[in-house]
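Overview (structure and organization)
These are the residues of each chain, in order.
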Amino acid sequence: MREIISRYQHNIKRIIRNFTGSDNEDIEQEIYIKTWKSMKNYEEKNKFKQWISAIASNTCKDYLKKKRVILVNDDEEINKIKEKDNLEEKLDSKERQKRILKEVNKLPSKMKNVLVYYEFEEKSYEDISLILNIPEGTVKSRLYKAREILREKLKDLM
């Protein structure tokens, strides 16, 4: 289980941030517990990253549903919740992905290359450094800058 956590922790934290807008260790722990309990149901033919990502997404959705089950008497609060629900319906998962990829493609090529290698191909800083023939510090710097740009461009999705 430690190997799974170390390998997929970054991805799990990213999913949690995308759903909740912040890091949440309780949700993260719940995801690892559900993963551990469900390992017997995992089929080798499926990609593990997709499987654990689905567990993470579903756990976050459950968390948000529980969070919304609050008795609300104020009409203004009810309208805010409805507006938020409508926004979430409009920005379903595929639309969000398209938007993210569109913004990634707009990044300067140096930042985009580092981001794609790190986030999508799951390469280490060292591997990216070797592939692009640049220092690890430059890899980290470009990754940081790329994330900052994306965070600003995609803040309405957070």
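Keep in mind that what you see is a predicted model, and the values were worked out from it rather than measured. (Residues numbered from 1 in each chain as written. Predicted model: local features only at pLDDT ≥ 70, side-chain atom pairs only at ≥ 80, totals over all residues. Heavy atoms only, no water.)

**Some words on the overall build of the protein**
Secondary structure assignment for the protein yields eight helices and zero strands. For the protein, the α and β elements follow one another from N to C terminus as α-α-α-α-α-α-α-α. Taking the intrachain contacts of the protein between residues at least 6 apart in sequence as the baseline, contacts between residues at least 24 apart amount to 57%. Within the structure as shown, the protein displays about 11500 Å² of accessible surface, and the carbon and sulfur contribution to it stands at 49%. (Helix = DSSP H or I, 4+ residues; strand = E, 2+ residues; numbered from the N terminus. Contact = heavy atoms within 4.5 Å. Areas by Shrake-Rupley, 256 points an atom, 1.4 Å probe, with all protein chains shown as cover.)

**Remarks on the packing of helix H6 (residues 109-120) against helix H7 (residues 125-132)**
It is the contact of H6 with H7, at a shortest axis distance of 10 Å, that shows an interaxial angle of 135 degrees. The orientation of H6 with respect to H7, classified from their angle, is oblique. As for the relative orientation of H6 and H7, their crossing is right-handed in sense. Of the residues in H7, those in contact with Asn113, Val114, Tyr117 and Tyr118 of H6 are Tyr125, Ile128, Ile131 and Leu132. Class assignment for the residues of the contact of H6 with H7 results in seven nonpolar, one polar and no charged. (Axes fitted to C-alpha atoms, helices over the stretch in contact; angles between N-to-C directions. Parallel < 35°, antiparallel > 145°, perpendicular 65-115°, else oblique. Left-handed = near helix turned anticlockwise from the far one by under 90°. Nonpolar A, V, L, I, M, F, W, Y, C, P; charged D, E, K, R; others polar.)

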